[in-house]
Amino acid sequence: MVRSSLIDGPVLLDVTGVEGVLSELRRLGHTLIGPTRRDGAIVLDEITSTADLPQGWGDEQGPGRSRLHRRDDDAWFGWAVGPTTWRRFLSPPVRELWRARRDGHGFELVVDDAPAPPLALIGVRPCDLAALGIQDRVAAGGPCPDTDLLQIHRDAFVLAVSCGAPAATCFCASTGTGPRAGEGADLTMIELVDDAGHRFVVEATSARGAEVLASVPHPTATEADQRAADAVIAAATAAQSRTLPDRDACARLVTRAEHPHWADVAERCLSCASCTLVCPTCFCSRIADGTDLAGDEAWRSQRWDSCFSLDHSFIHGGSIRADVRARYRQWLTHKLATWWDQLDTSGCVGCGRCITWCPAGIDLTVEARAIVEGAADAH
């Protein structure tokens, strides 16, 4: 066993070692957010220890369908992704921007100076890790950066877990965002559950990650452990059958605004906004003002919104995207094409949530391919 202040290369942690990492993060004052089983799904919420993780649970996903099932082992991360995303904790669905209280003939701002404890994001999937980086670009861009969101993410400790059990709706291999965890984490882990036991191949990818890892005993990962970890990644890559058209192909969406397939999708789309609510990169929001009944307090809040909402594109005279066809076209074209112009990246990380949680089972990989690889616009 070794204890060091600087970790070189992959090390091995057993289940007790991972619990030690979580204990160290709690000691450092972090609030742990991780996956847990609730209401027939694996959701992200506050946890206290590894006992809260969905041990021995897996998921089966398809277009418009998600079911949990018991695995034949005790894996903690033997599932793909659930309906909640990490942006819920970095940029909550409703976030108060300011509050004022009547003071004589005027108002004074109500300021809460108490800082929230830093978060520790436990079990971040590679696709979601990429999404956190995209959300940072969104927050940092433009003339008014969202410094609050950036600070919450900067203070958060990120423990990423590479994906070993992709769902049928996953396609991160085609977007280059998985199944192996990339940049942006403090610690990355690959879970192994085999005849050699339940263990994790772990790498420290930041200085604070190395400090936390140094707080628990750990042997160096053997070559056999590393080969087993590589095999997990290879199997997860091979298991994915869906693919997203490449950047050049998706760029054709912009030039095919009148393609007849948009109308075909609109006949199936409910415009319910489920896809945008479960998407880890969507960032549309609106501003809402409110007062109490007595008129003594007023506040302004930022709330999640969706381009599928009729009011989202409302300007003087009405909505400029009055039908479902226009709203779906806006979402898909922005997500896969014009997002590159805006943020120099795709807005899709291949998590497949929009496919799984669409009530109509609409598959954006199929719809995008039908438009960019089929015949040109019919006039």
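Counting from 1, residues in each chain are numbered in the order their sequence is written. Local features in this predicted model are restricted to residues whose pLDDT is 70 or higher, and side-chain atom pairs enter the listing and the counts only when it is 80 or higher, whereas totals over whole chains, interfaces and linings include all residues. To obtain the side-chain values, all non-hydrogen atoms of the structure were included, while hydrogens and water were left out.

Asks: Go over the pattern of salt bridges with me, naming the residues and quoting the values.
Replies: Basic side-chain nitrogens of Lys or Arg form a salt bridge, by our definition, when they fall within 4 Å of a carboxyl oxygen of Asp or Glu. Applying the stated criterion across every chain, the model contains 23 salt bridges. Put simply, Asp230 and Arg180 hold a salt bridge, and the shortest N to O gap is 3.0 Å. One end of the pair, Asp230, is in helix α7 (residues 223-238); the other, Arg180, is in the loop between α5 (172-175) and β10 (187-194), with 50 residues separating them in the sequence. With a closest N to O distance of 3.8 Å, Arg329 and Glu258 form a salt bridge. Secondary structure elements follow DSSP: runs of H or I no shorter than four residues count as helices, runs of E no shorter than two count as strands, and numbering proceeds from the N terminus.

Asks: Give me the lowdown on the layout of surface pockets, citing residues and values where you can.
Replies: Only protein atoms enter the 1 Å grid, on which a cavity is a set of points fitting a 1.4 Å probe that cannot get out and a pocket is an open set with protein on both sides within 12 Å along at least 5 of 7 lines, lining residues being those with an atom within 4 Å of a point. Grid points are joined across faces, edges and corners, and a volume is the space filled by probe spheres set on the points. The computed volume of the largest pocket comes to approximately 800 Å³. Taken together, the elements giving at least two residues each to the lining of the largest pocket come down to β2 (31-38), β6 (94-103) and α4 (147-155). A total of five residues in the lining of the largest pocket trace back to one element, the largest contributor, which is β6. All amino acids are sorted into three groups, where Ala, Val, Leu, Ile, Met, Phe, Trp, Tyr, Cys and Pro are nonpolar, Asp, Glu, Lys and Arg are charged, and the leftover types, Gly among them, are polar. In terms of residue class, the lining of the largest pocket is built from 14 nonpolar, two polar and eight charged. Of the voids in this model, the second largest pocket is the one considered here, and its volume is about 440 Å³. What lines the second largest pocket is a set of 23 residues, among which Val138, Ala139, Asp146, Phe283 and Gln302 lie closest to the centre. At four residues, the largest contribution of residues to the lining of the second largest pocket is made by helix α3 (residues 126-140). Considered class by class, the residues forming the lining of the second largest pocket number 11 nonpolar, seven polar and five charged.

Asks: For α4, give the residues involved together with the corresponding values.
Replies: Burial classes: relative accessible area under 20% of the type maximum marks a residue as buried, over 50% as exposed, and values in between as partly exposed (1.4 Å probe, protein chains only). Those residues of α4 not exposed but buried are Leu149, Leu150 and His153. End-on view of α4: buried residues confined to an arc of 100°, all on one side of the axis. Against α2 (87-90), β6, α3 and β9 (157-161) lie the buried residues of α4. Here the arc refers to the set of directions running from the helix axis out to each C-beta atom. Throughout, a residue-residue contact means that at least one pair of heavy atoms, one from each residue, lies within 4.5 Å.

Asks: Could you give an account of the sheet that holds β9, with specific residues and numbers?
Replies: Paired strands, in this sense, are two strands between which DSSP finds at least two bridges. The strand order across the open sheet built from seven strands is β1-β11-β10-β9-β8-β2-β3, with neighbouring strands paired in mixed fashion. Two strands bound the open sheet, and with one partner strand each, they are β1 (11-14) and β3 (41-46). Here the average twist between neighbouring strands, direction ignored, is 30°. Pairing of β9 with β10, which is carried by three bridges, proceeds in the parallel orientation. If you follow Ala160 over to β10, its bridge partner there is Thr188. For every element, the axis is a line fit to its C-alpha atoms; helices are fit only across the contacting stretch, and the angle between N-to-C directions ranges from 0 to 180 degrees. Along the sheet, α3 makes contact with β8 (119-124) and β9, crossing β8 at roughly 140°. This element, α7, spans β1, β10 and β11 (197-204) of the sheet and lies at about 95° to β10.

Asks: Describe the pairing of strand β13 (residues 297-304), with residues and values.
Replies: As judged from the seven bridges shared by β6 and β13, these two strands associate in the antiparallel manner. By the bridge assignment, Arg99 is partnered in β13 with Trp299. Both strand β12 (residues 285-291) and β13 contribute to a ladder of seven bridges, which runs antiparallel. Counterpart to Arg286 in the pairing with β13 is Arg303. Joining the antiparallel neighbours β12 and β13 is a turn of five residues, in which Gly295 adopts a positive phi near 80°.

All we've got here are geometric facts, nothing functional implied.
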